[in-house]
Amino acid sequence: MSYQVLARKWRPKRFAEMVGQEHVLKALVNALDDDRLHHAYLFTGTRGVGKTSIARLFAKSLNCETGVSSEPCGQCSACVEIAEGRFVDLIEVDAASRTKVEDTRELLENVQYAPTHGRFKVYLIDEVHMLSNSSFNALLKTLEEPPPHVKFLLATTDPQKLPMTVLSRCLQFNLKNLTAERIQQHLEYVLQEESIPCEVAALWLLARSADGSMRDALSLTDQAIAFGAGAVNEADVRSMLGTIDQQLVYRIMEHVAAHQPQAVLEAVYALAEFSPDYHGVLGDIVSLLHRVALAQVVPAAVDNSLGDREQILALAQQMRAEEVQLYYQVALMGRKDLPLVPEPREGLEMTLLRMLAFRPADAEPLAASAATAVTDAAPAARSHADTAAAPVSTPTSAPKAAPAPMPRAEPQPAAPPLDDVPPWEELPADLAAMGDAEPKKSRPADVKHVQPAAAPLNRPVSSAPEGVPEAPIADPGIAKGEAWALLLQTLGLSGMAESLARNLSLEVEQDDLMRFHYMPEQEALLSGDRRERISDAIRQVKGDACHVEFIQAAQTRETPAQRAERKRVERLAEAVVAIETDATVQILMEHFGATIERDSVRPID
Ligand SMILES: [Zn+2]
């Protein structure tokens, strides 16, 4: 008996044998079993997902001699003839080869006549979008008033090209691309049934290359069996498909995430031994980063279609959202520029080094920064570190032991894999010296942003917006300053006198005495008549008995100028908090890797 190709041999004979497409099958099975049949069905989907398989099964179900049901017997002459493709009342047409209107007319001429053998005349028109406009018109007339004994099963990869008039008269079923996971499972099942030894990793490779098409997957498997002399193993499949080991791509990105330039270049060296398609490698990196970004936002959205869910989730924990976005963009540009690079490997290396060179300034590898955050006592810095880590700490189904980003003790200028590097490919000394253990940059604490530029008083003025031990009201210095600042506003001073008054501190206010302290640098400006103007203004408010003194001495109370600055900084801090806690801003930060430029925040009055 001659060898029958797997795709044909394993074409499903019953609806229950169909892999995937449950949503479509359920509707069809119910329609058949409940006898609620439409006269025209349209199956859409890419090649090899089972459009014609379903249509043929449907034809069997309609014409099986045991009656219309979703379980055709498979034994009667109708079932057998349909399976063998010689059933007279199943008219199969490939529209791609019969596009002319005459063909369609000829085809539809016999529609009126009752079926010769079966219950229904079934027209299966594949690639129906290829029909010409006049052919569609001819078909449409029949679709508008179909004889009761006729069923139309249309299949297309491109439903957009069908006229609305045809679409609206068909019951449409969209067949989905099969996931690699689904295909891999089916291949495993088929090969087991065929008693062909196989390696699971090889099946994953085949499943991924099939790009959602079971037919392609089975054809590739046939090839692989021939290639591997009766067995399907990973090495053979890899060289047959010309794919590189994805593990190498993960390794590269793990080192990028850990900011280890030397390890990155070593991984590229290991990759280069396979003379890969560098354009494809950069494409793999882009796809990988896309899935990592998804994993950070919605961990549950990461499917296992490539059999690498765990690795993706682990990587998602090693990178910040903004890093992922940056690396994605860099990889995309590197891929675009690759044709311009004299040596493709050079292009890959530059792209990876660019990722490291342009990574966000404060970004340390995540594992390291977590340790910093714990030892940091500043609560503001703590909370910042927490929010930064939040998106990546969410995955609940994360692997139990998230792989640490490859702790490497010391830089190894001559690491083992580089031993056999030809001299012209040796790393430049300074690059090697960059090593893996980057000096930790101290994370600038956020409190720095909310502190006044110049410390206004000997006592630190608390600038924290929320109540902390040194709350503004509890501080007598500030309280005194408050009274003077309010008084100043009522004095109606202007120009230099007002400016000088703003920088005085009211140190003593007793009975009718008001004593102000000023700094040495004010001495020259605080001339006699300016003192007079300030004193007069105060007496006009406080009464003539008030005695005003100006003494050059250390200021221990807040001046109105310092108070205004403190208020400004506090409002700015509040504005930063308001922006950071704003729901829209948080969405932008989480989903698009947005960051807040704190220096640009301005409070609105
Ligand atoms: Zn039958």
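Residues numbered from 1 in each chain as written. Predicted model: local features only at pLDDT ≥ 70, side-chain atom pairs only at ≥ 80, totals over all residues. Heavy atoms only, no water.

**Q** Give me the coordination of the zinc ion: which residues, what numbers.
**A** Coordination of the zinc ion by the protein is provided by C64 (SG), C73 (SG), C76 (SG) and C79 (SG), with metal-donor distances spanning 2.2 to 2.3 Å. Considering all 4 donor atoms around the zinc ion, angles at the metal cover 100 to 121 degrees and the coordination shape is tetrahedral. Motif for the zinc ion, donor spacing along one chain: C-x8-C-x2-C-x2-C. Here the residue C64 occupies a position in the loop between helix 3 (51-63) and helix 4 (77-84), and C79 occupies one in helix 4, the gap between them amounting to 15 residues. Given a relative accessible area of 0%, C64 falls into the buried group. By relative accessible area, C79 is classed as buried at 1%. (Donors = N, O, S within 2.8 Å, 3.2 Å for Na, K, Ca; no water. Tetrahedral: all angles 85-135°; square planar, octahedral: opposite > 155°, others 65-115°. Helix = DSSP H or I, 4+ residues; strand = E, 2+ residues; numbered from the N terminus. Buried < 20%, exposed > 50% of the residue type's maximum accessible area, 1.4 Å probe, protein only.)

**Q** Talk me through the sheet that holds strand 2 (residues 90-94); I want residue IDs and the actual numbers.
**A** Strand order in the open sheet formed by 5 strands is 2-3-4-1-5, and the pairing between neighbours is parallel. Edge positions in the sheet fall to strand 2 and strand 5 (171-174), since each has one partner strand and no second. Strand after strand, the sheet turns through a mean of 15 degrees between neighbouring axes, direction not considered. (Pairing = 2+ DSSP bridges. Axes fitted to C-alpha atoms, helices over the stretch in contact; angles between N-to-C directions.)

**Q** Can you tell me about the nonpolar core, naming the residues and giving the values?
**A** Formed by 39 residues in total, the largest nonpolar core has its most connected members in M253, V256, I285, L348, L352 and M355. For this core, the secondary-structure elements that each account for two or more residues are helix 12 (246-257), helix 13 (261-272), helix 14 (278-297), helix 15 (309-318), helix 16 (321-337) and helix 17 (344-357). With 10 residues, helix 14 is the largest single contributor of residues to this core. Once you skip the residues sitting within four places of it in the chain, M253 turns out to touch I285, L288, L289, L315, M319, Y327 and M355. Listed in part, the 29 residues of the second largest apolar core include F58, I82, F173 and L175. (Core = buried A, V, L, I, M, F, W, Y, C linked by side-chain atoms within 4.5 Å. Contact = heavy atoms within 4.5 Å.)

**Q** Before we move on, can you summarise the environment of R182 with the specific residues and values?
**A** Tracing the backbone through its elements, the reader meets R182 in helix 8 (residues 180-193). Beyond its immediate stretch of four places on either side in the chain, R182 contacts V19, G20 and E22. In terms of polar contacts, R182 uses its side chain to reach the side chain of E22, at 2.9 Å. (Polar contact = N/O pair within 3.5 Å; in protein donor to acceptor, adjacent residues only side chain to side chain.)

**Q** Can you tell me about helix 26 (residues 583-592), naming the residues and giving the values?
**A** For helix 26, the N-terminal cap is D582; the gap from its side-chain oxygen to the backbone nitrogen of T584 is 3.0 Å. Directly beyond the C-terminal end of helix 26, a positive phi value near 65 degrees is found at G593.

**Q** Please set out the packing of aromatic side chains residue by residue, giving values where relevant.
**A** The full count for this structure, using the stated rule, is 8 aromatic pairs. Ring geometry for W484 against F516: centres 4.6 Å apart, planes inclined by 55 degrees, an arrangement best described as tilted. A residue pair is termed long-range when its members are at least 10 positions apart, and W484 in helix 22 (residues 476-491) and F516 in strand 7 (residues 513-518) qualify at 32 residues. Overall, the relative accessible area of 0% leaves W484 in the buried class. The class for F516 is buried, based on a relative accessible area of 0%. What links up through ring pairs into an aromatic cluster is the set Y41, F43, F58 and F173. (Phe/Tyr/Trp six-rings, centres within 6.5 Å; stacked < 30°, edge-to-face > 60°.)

**Q** Tell me about helix 14, residues and numbers included.
**A** Over its 20 residues, helix 14 extends 29 Å from the first C-alpha to the last, a length consistent with the 28 Å expected when each residue adds 1.5 Å. One side-chain oxygen of the residue at the start of helix 14 lies 3.1 Å from the amide nitrogen of H279, identifying that residue as D277. (Expected span 1.5 Å × (residues − 1).)

**Q** Account for the packing of helix 2 (residues 22-33) against helix 3, naming residues and giving values.
**A** Two numbers describe a pair of packed helices, the interaxial angle and the distance between the axes. Running from N to C, helix 2 and helix 3 cross one another at 15 degrees; their axes reach a closest spacing of 11 Å. Classified by the angle their axes make, helix 2 and helix 3 are roughly parallel. The two elements helix 2 and helix 3 meet at a crossing, and its hand is right-handed. On helix 3, the residues touching V24, L25, L28 and L32 of helix 2 are I54, F58, S61 and L62. For the contact of helix 2 with helix 3, the residue count by class is 7 nonpolar, 1 polar and no charged. (Parallel < 35°, antiparallel > 145°, perpendicular 65-115°, else oblique. Left-handed = near helix turned anticlockwise from the far one by under 90°. Nonpolar A, V, L, I, M, F, W, Y, C, P; charged D, E, K, R; others polar.)

**Q** Tell me what's going on with unusual backbone geometry, and back it up with residues and numbers.
**A** Most peptide bonds take the trans form, and the phi angle of most residues other than glycine is negative. A positive phi is found at Q21, a non-glycine position, where the angle reads about 60 degrees. Take Q21: it is sitting in the loop between helix 1 (6-9) and helix 2. For H259, which is not glycine, the phi dihedral falls at a positive 55 degrees. Tracing the sequence through the fold places H259 in the loop between helix 12 and helix 13.

Honestly, it's all geometry; don't read function into it.
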